[in-house]
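# Residue-level structure breakdown
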Amino acid sequence: MKKLLWLVFILLIGFIGLIYFSVSSTDKEFETVTIQEFDDLENIDFRRHDSVEVAASSLYEANELKDIMQGENYREAWNTPVKVPVLFLDSLYGGVEIVKEGGGTQTHSLRLKGKNGFLYSLRSVNKDPSTHVPEFARSLGLENIVIDAISASHPYGAILAASLSEKAEVLHTHPKVVFVPKQEFLGKPYNEKYGNRLFLLEYETEGEENWTDYKNVYKILDTKNLQELKEEDPAQVSIDKNAFVKARLFDMLIGDWDRHASNGDG
């Protein structure tokens, strides 16, 4: 019996050791992009290029041990170069203005307004979960166990979800992947945070101008404002229950559990 207990103990220690070595394989907490065939991004004149081949991040590369202990996830998708257009904001849709910064604790975003009155959003493909790493994990050198969890999400999942939404006739924001180089338009503060990064460019879920195919639209509201309007005047505000249920069922079908009032379509 004692031998069995010792064997279990040794196996447990070995298993914990393997976990430790797999999660401590890198001390990086955030990385932007890897551009193929270019080493010095600061000296590239991106206006001479209409597109670039970009790998979203090499941060999630793994050896066999890490694949076994932490899973294969979508590491290959993060590390595979894709060809995307280069975006300059001073010429986007004839020129846009930056309205404000947005995003949550992991996603960085800019809200833009075009000369056509449409509101757009630039949302970073790369996530920055460093603020979610507890101090005890840092002290043990295990911050990568939190950082590596991002590899479980597909960097371009929004593109596929939009394509499926189109087939299901569910409203979506028409996202497309773009590369935003550092540029004079952004200025120093924004360049440091948003320059040389991959983004999803899409319509905002609110605005005065109608970018949808629906007719007779006075204003586009996000979910939170729609809920407030419904509470203020329930007799005058009606919600298409069938469309709402269809959208929620679609979320469940594709496994999107992150829909909430701050990122849902109203």
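Residues numbered from 1 in each chain as written. Predicted model: local features only at pLDDT ≥ 70, side-chain atom pairs only at ≥ 80, totals over all residues. Heavy atoms only, no water.

On to the confidence of the model for the chain, then. When pLDDT is averaged along the chain, the result is 80, and 74% of the positions lie at 70 or above. Of all helices and strands in the chain, the one with the weakest mean pLDDT is helix α4 (residues 135-139) (60), whereas strand β7 (residues 176-180) scores best (95). (pLDDT = per-residue confidence, 0-100. Helix = DSSP H or I, 4+ residues; strand = E, 2+ residues; numbered from the N terminus.)

Our focus in this paragraph is the environment of V177. Considering the arrangement of structural elements, one finds V177 in strand β7. Here V177 falls in the buried class, since its relative accessible area comes to 14%. Once you skip the residues sitting within four places of it in the chain, V177 turns out to touch V84, P85, Y156, I159, L198, F199 and L200. (Buried < 20%, exposed > 50% of the residue type's maximum accessible area, 1.4 Å probe, protein only. Contact = heavy atoms within 4.5 Å.)

A word on the sheet that holds strand β6 (residues 119-124). Strand pairing in a sheet is mediated by backbone hydrogen bonds. Such pairs are either parallel or antiparallel. As summarised here, the arrangement of the 5 strands in space is β4-β5-β6-β8-β7, forming an open sheet in which the pairing is antiparallel. In this open sheet, the two strands that pair with only one neighbour each are β4 (96-102) and β7. Pairs of neighbouring strands in the sheet enclose a mean axial angle of 30°, with direction left out of account. Examined bridge by bridge, strand β5 (residues 109-114) and β6 share 5 bridges and lie antiparallel to one another. By the bridge assignment, L112 is partnered in β6 with Y120. Where helix α7 (residues 187-194) meets the sheet, it contacts β4, β5, β7 and β8 (197-203), and its direction lies at approximately 60° from that of β4. (Pairing = 2+ DSSP bridges. Axes fitted to C-alpha atoms, helices over the stretch in contact; angles between N-to-C directions.)

The next thing to look at is a nonpolar patch on the surface. Taken together, I239, F244, V245, L249, M252 and W257 make up a surface patch of nonpolar side chains, about 680 Å² in accessible area. Positionally, L249 belongs in helix α9 (residues 241-254). (Patch = residues over 30% accessible without salt bridge, like charges linked within 9 Å, V, L, I, M, F, W, Y side chains within 5 Å. Areas by Shrake-Rupley, 256 points an atom, 1.4 Å probe, with all protein chains shown as cover. Salt bridge = Lys/Arg side-chain N within 4 Å of Asp/Glu carboxyl O.)

Mapped onto the secondary structure, D251 falls in helix α9. With a relative accessible area of 1%, D251 lands in the buried category. Side chain to side chain, D251 and R248 meet in a polar contact 2.7 Å long. (Polar contact = N/O pair within 3.5 Å; in protein donor to acceptor, adjacent residues only side chain to side chain.)

The biggest cluster of nonpolar side chains holds 19 residues, and the ones touching the most others in it are F46, V52, V84, V125, F179 and L198. Elements with a minimum of two residues in this core: β2 (51-55), β7 and β8. Ignoring sequence-local partners within four residues, the contact set of V52 consists of F46, V82, K83, V84, V86 and F179. If you look at the next biggest cluster of nonpolar residues, it comprises 17 residues, including L92, L112, V178 and L186. (Core = buried A, V, L, I, M, F, W, Y, C linked by side-chain atoms within 4.5 Å.)

Right, let's get into the packing of aromatic side chains. Under the criterion given, the structure shown has 9 aromatic pairs. Judged by centre distance (5.1 Å) and plane angle (65°), the rings of Y60 and W78 are edge-to-face. Of the two residues, Y60 sits in the loop between β2 and α2 (64-70) while W78 sits in helix α3 (residues 75-79), which places them 18 residues apart along the sequence. In this pair, the class of Y60 matches that of W78, namely buried. An aromatic cluster is defined as three or more aromatic residues linked by ring pairs; in this entry it consists of Y93, F118, Y120, Y203 and W211. A cation over a ring is seen here: R47 above F88, with NZ or CZ 3.9 Å from the ring centre. (Phe/Tyr/Trp six-rings, centres within 6.5 Å; stacked < 30°, edge-to-face > 60°. Lys NZ or Arg CZ within 6 Å of the ring centre and 35° of its normal.)

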